[in-house]
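Here's the letter readout for the chains.
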Amino acid sequence: MRIEPRSRTPAAPAEAASGHRAALVIAAVMVVVLQRFVPYGQFILYPFTLLATWVHEMGHGVTALLCGGRFQQLQIYGDASGLAVTAVVAGYREAATAAGGLLAPPFVGALLLALARRFSRALLWGLVGALVLSLLLYVRTQVGWLAMAPLCGLLALVARYGGADGRLFMAQLIGVLLALDTVTRMGYLFVSSASVGGTQRASDIAGVAKILGGPFQLWGGLLAGISLLMLALGLRAAWGKGRQKRPLP
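Keep in mind that this is a model prediction, so the values were computed, not measured.

The sheet contact formed by strand E1 (residues 70-76) and strand E2 (residues 82-87) spans six bridges and is antiparallel. Considered in E2, the bridge of Ile76 is made with Gly82. Connecting E1 to the next strand, E2, in antiparallel fashion are five residues, including Ala80 with a positive phi near 70°.

Structure, rendered in structure tokens:
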């Protein structure tokens, strides 16, 4: 008697939805607990905090390139501050470059949250590629190399060996951290200056206000609203409905 091999039955939509929602909840709870309730929890998240700084500064640099300018170097400091050295034509392009850094973390975070269910491996490899290119082309501080290089290695290991669930969790963890970055550092949107590597500099939002006019608090409130909207859209897409498929293997 011939016995036909049994094919693996794909997970039911409800099971897939339950899995990705559980990963999202665990990632969000982990971030909140480590930041608020665990002694030295912020040190555990420190590499990811520097990752948010990297995304912020890359936001400045990529926006400058999109505006026809130059992205010269990226500096990351031990206090989690950073500086992107760019050159753009004065005017609205300069204002867009300043705003680009502020909006980059919530935008990238929302993108990760929205796409992690289907493309977690591709997203993690994309981050690895962007980190490698930035290290080779732009990062010019020792802290940046010491923090970003090991994190790049970790993401590569998860992307290669983490399995579907591990990749989903990592992508959503980074997505939550980045999407919440502007919220957790909301005060930066409402100050005229900030310390960058121990040196007091005009804040990004002050630069926007100086170029476009009006009080910096007004622009800070506008960008805060946009950031919160990105967070809400990202979480909504990540929570989704049960009809979505499982992450690609």
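On to the packing of helix H6 (residues 163-184) against helix H8 (residues 216-239). As a packed pair, H6 and H8 sit with axes 8 Å apart at the nearest point and diverge in direction by 155°. Judged by the angle between their axes, H6 and H8 are roughly antiparallel. For the element pair H6 and H8, the recorded crossing hand is left-handed. The segment H6 lies against H8, with Gln172, Ala179, Leu180, Thr182 and Val183 engaging Ser227, Leu228, Leu231 and Ala238. Class assignment for the residues of the contact of H6 with H8 results in six nonpolar, three polar and no charged.

The subject of this paragraph is the side chain of Thr53. Structurally, Thr53 is set in helix H3 (residues 46-66). Overall, Thr53 belongs to the buried group, its relative accessible area being 3%. A polar contact of 2.7 Å, which involves the side chain of Thr53, links it to the backbone oxygen of Ala80.

Turning our eyes to something else, we now look at a nonpolar patch on the surface. On the surface, Val132, Leu133, Leu136, Leu137 and Trp145 cluster together to form a nonpolar patch covering roughly 480 Å² of accessible area. Element by element, the count of residues in the nonpolar patch is highest for helix H4 (residues 92-137), at four residues. Looking at where Val132 falls in the secondary structure, it is placed in helix H4. The exposure class of Val132 is partly exposed, given its relative accessible area of 35%.

The rules we used
Numbers given for residues are sequential positions, taken from 1 along each chain in its written order. Two thresholds apply to this predicted model, a pLDDT of at least 70 for residue-level local features and 80 or more for giving and counting side-chain atom pairs, whereas whole-chain, interface and lining totals are computed over all residues. Note that the side-chain values use all heavy atoms of the structure and ignore hydrogens as well as water. Only when DSSP finds a minimum of two bridges between them are two strands counted as paired. Only DSSP runs of H or I covering at least 4 residues are called helices, and only runs of E covering at least 2 are called strands; the numbering of each starts at the N terminus. Geometry is summarised by axes, namely lines fitted to C-alpha atoms with helices restricted to the contacting stretch, and by angles between N-to-C directions that run from 0 to 180 degrees. An angle counts as roughly parallel when it lies under 35 degrees, as roughly antiparallel when it exceeds 145, as roughly perpendicular when it falls between 65 and 115, and as oblique in every other case. It is the rotation of the near helix from the far one that decides the hand of a crossing: anticlockwise by less than a right angle makes it left-handed, clockwise makes it right-handed. Any two residues having at least one pair of non-hydrogen atoms within 4.5 Å are treated as being in contact. Only Asp, Glu, Lys and Arg are considered charged, only Ala, Val, Leu, Ile, Met, Phe, Trp, Tyr, Cys and Pro nonpolar, and every remaining residue, Gly among them, polar. Relative accessibility thresholds used throughout: buried, under 20% of the residue-type maximum; exposed, over 50%; partly exposed, between the two (1.4 Å probe, protein chains only). Counted as a polar contact is a pair of N or O atoms within 3.5 Å, where, for protein atoms, one must be capable of donating a hydrogen and the other of accepting one, and residues adjacent in sequence contribute only when both atoms are in side chains. Patch construction takes residues with relative accessible area above 30% that form no salt bridge. Like charges are linked within 9 Å, and nonpolar side chains (Val, Leu, Ile, Met, Phe, Trp, Tyr) are linked within 5 Å. Only the protein chains shown count as cover for residues, and the accessible areas themselves come from Shrake-Rupley with a 1.4 Å probe. Note on definitions: salt bridges are taken to be side-chain nitrogens of Lys or Arg within 4 Å of carboxyl oxygens of Asp or Glu.

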